[in-house]
Amino acid sequence: MAVSTPVFVAIDGPAGSGKSSVSKAVARTLGYGYLDTGAAYRALAWLVLENGVDKDDADAVIRTLDDFDYFIATDPDAYVVRVGQTDVTDAIREPRVSAAVSAIARVPAVRAHLVQLFRRIAAGVDAPGVVVEGRDITTVVAPDAPVRILLTASEEARMARRSAELQDDAAATAGAELKKRDQADSRVVDFLNAAEGVTTVDSTELNFAETVDAVIAVIADTQSPVS
Ligand SMILES: Nc1ncnc2c1ncn2[C@@H]1O[C@H](COP(=O)(O)OP(=O)(O)OP(=O)(O)O)[C@@H](O)[C@H]1O
Ligand SMILES: Nc1ccn([C@@H]2O[C@H](COP(=O)(O)O)[C@@H](O)[C@H]2O)c(=O)n1
């Protein structure tokens, strides 16, 4: 009996473009696994802060990888992130972690380490497919993936969606934080322009359900036999 390889769906995009929420919904609908790669950069940033390490000291950040015992669930209905025995699912979303993460993500040795980790986790997913989202999935982690999507939306739409999740002061600063993080991150990887062969899904004028449908349509297109 032929064993089919799980479908690798690679999704990149800027902050607030809907990568995690849309990818999770797509994975749930298709019965696929879901891998949030940003969570690993955030979890490492959390550990750096927790250990009192200077986030701008690349050598010290690299040494922190030795203690980085990372776990992430790939079931879209049971999302959890742990470092050692500590559940950091909520802690890695704190503003202090968001503010530190770009400094960690720009260290080449950190990126190389995590790229290998993502490939191993994705390969271990026991499902017909896996949706992997981040910034460099279509270009570095899985440039040969059968489905590669750049999920984007205008900066205004992304800022408005992120602010709508928050209240008062946090909502007011969310837009500025998102812009600053994108500026820092885009100096390291290009997730604003689709690489060759990558399909752009622009959700600026789409609601959430329409965006999920648009991504599923791209996946279906690549699965349908060429006549
Ligand atoms: N098409 C859409 N229409 C309306 N809201 C949307 C749409 N897509 C995503 N959202 C909402 O936008 C917000 C940001 O989405 P999400 O957190 O998934 O983005 P992200 O790209 O993973 O961000 P980050 O990189 O900062 O983690 C969420 O509240 C999500 O529900
Ligand atoms: N493939 C990736 C994914 C993420 N990053 C860095 O992690 C930060 C947090 O990612 P979110 O998706 O949770 O927003 C992000 O700002 C990047 O610095 C990355 O470099 N590559």
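Worth saying up front: this structure is predicted, and the values here are computed from it rather than measured.

**A few points about the UniProt feature "domain: Cytidylate kinase" (unreviewed entry) in the protein chain**
So, step 1. Within the UniProt annotation, "domain: Cytidylate kinase" (unreviewed entry) is assigned to residues 9–219.
So, step 2. The distance from the first to the last C-alpha atom of residues 9–219 is 8 Å, and the span holds 49% helix and 15% strand.

**Regarding the site of ligand 2**
So, step 1. For ligand 2, the set of nearby residues contains 15 residues, the closest of which are Arg-42, Arg-111, Asp-136, Arg-181 and Asp-185.
So, step 2. Within the complex, the protein chains bury 96% of what would otherwise be the 450 Å² of accessible surface of ligand 2.
So, step 3. At the level of secondary structure, the elements contributing two or more residues to the shell around ligand 2 comprise α2 (38–50), α4 (95–105) and α8 (168–185).
So, step 4. Of the residues that constitute the shell around ligand 2, the class distribution is four nonpolar, four polar and seven charged.
So, step 5. Counting contributing residues, the shell around ligand 2 receives three or more from each of domain 1 (1–32 + 128–226) and domain 2 (38–124).

**Remarks on the packing of aromatic side chains**
So, step 1. Going through the model one piece at a time under the given rule, you end up with three aromatic pairs.
So, step 2. Aromatic side chains Tyr-34 and Tyr-79 sit 6.3 Å apart centroid to centroid with 35 degrees between the ring planes, which places their arrangement in the tilted category. Separated by 45 residues along the polypeptide, Tyr-34 in strand β2 (residues 33–36) and Tyr-79 in the loop between β3 (70–72) and β4 (81–83) bring together distant segments of the chain.
So, step 3. Residue Tyr-34 is classed as buried on the basis of its relative accessible area of 1%.
So, step 4. Here Tyr-41 and Phe-118 contribute two aromatic rings whose centre-to-centre distance is 6.0 Å and whose plane-to-plane angle is 55 degrees, an arrangement assigned as tilted. You can see Tyr-41 sitting in helix α2 and its partner Phe-118 sitting in helix α5 (residues 108–123), a full 77 residues away along the chain.

**Some remarks on the sheet that holds strand β8 (residues 199–202)**
So, step 1. The sheet built from five strands is open, its strands ordered β2-β6-β1-β7-β8 with parallel pairing. Both edges of this open sheet fall to β2 and β8, since each of them pairs with a single strand only. The sheet shows a mean angle of 20 degrees between the axes of neighbouring strands, taken without regard to direction.
So, step 2. Where strand β1 (residues 7–12) and strand β6 (residues 129–134) come together, six bridges link them in parallel fashion. In the strand pairing of β6, Asp-12 is matched with Gly-134.
So, step 3. Taken strand by strand, α5 contacts β1, β2 and β6, and its axis lies near 170 degrees from that of β2.

**As for the domain arrangement of the protein chain**
Interface size, as often reported, equals the accessible area lost upon joining of the parts.
So, step 1. Taken as a whole, the protein chain is organised into domain 1 (1–32 + 128–226) and domain 2 (38–124).
So, step 2. The C-alpha-based centres of domain 1 and domain 2 are spaced at 20 Å.
So, step 3. Opposite the 17 residues of domain 1 that make contact, domain 2 presents 16 residues.
So, step 4. Roughly 1,300 Å² is buried in total at the junction of domain 1 and domain 2, and carbon and sulfur atoms are behind 58% of that figure.
So, step 5. Here Asp-136 makes a salt bridge to Arg-111, at a shortest N to O gap of 3.0 Å.
So, step 6. Linking domain 1 to domain 2 there are six residue pairs in polar contact (both at pLDDT 80 or more).
So, step 7. Sorting the residues of the side of domain 1 that touches domain 2 by element identifies α1 (19–30), β6, α6 (137–141) and α8 as the ones contributing at least two each.
So, step 8. With four residues, α8 is the single largest residue contributor to the side of domain 1 that touches domain 2.

About the cut-offs
Residues numbered from 1 in each chain as written. Chains lettered and ligands numbered in written order. Predicted model: local features only at pLDDT ≥ 70, side-chain atom pairs only at ≥ 80, totals over all residues. Heavy atoms only, no water. UniProt positions renumbered as here; feature names shortened; annotations may be inferred. Helix = DSSP H or I, 4+ residues; strand = E, 2+ residues; numbered from the N terminus. Near = heavy atom within 4 Å. Areas by Shrake-Rupley, 256 points an atom, 1.4 Å probe, with all protein chains shown as cover. Nonpolar A, V, L, I, M, F, W, Y, C, P; charged D, E, K, R; others polar. Domains from an automatic or database assignment. Phe/Tyr/Trp six-rings, centres within 6.5 Å; stacked < 30°, edge-to-face > 60°. Buried < 20%, exposed > 50% of the residue type's maximum accessible area, 1.4 Å probe, protein only. Pairing = 2+ DSSP bridges. Axes fitted to C-alpha atoms, helices over the stretch in contact; angles between N-to-C directions. Contact = heavy atoms within 4.5 Å. Buried area = accessible area lost by both parts, 1.4 Å probe. Salt bridge = Lys/Arg side-chain N within 4 Å of Asp/Glu carboxyl O. Polar contact = N/O pair within 3.5 Å; in protein donor to acceptor, adjacent residues only side chain to side chain.

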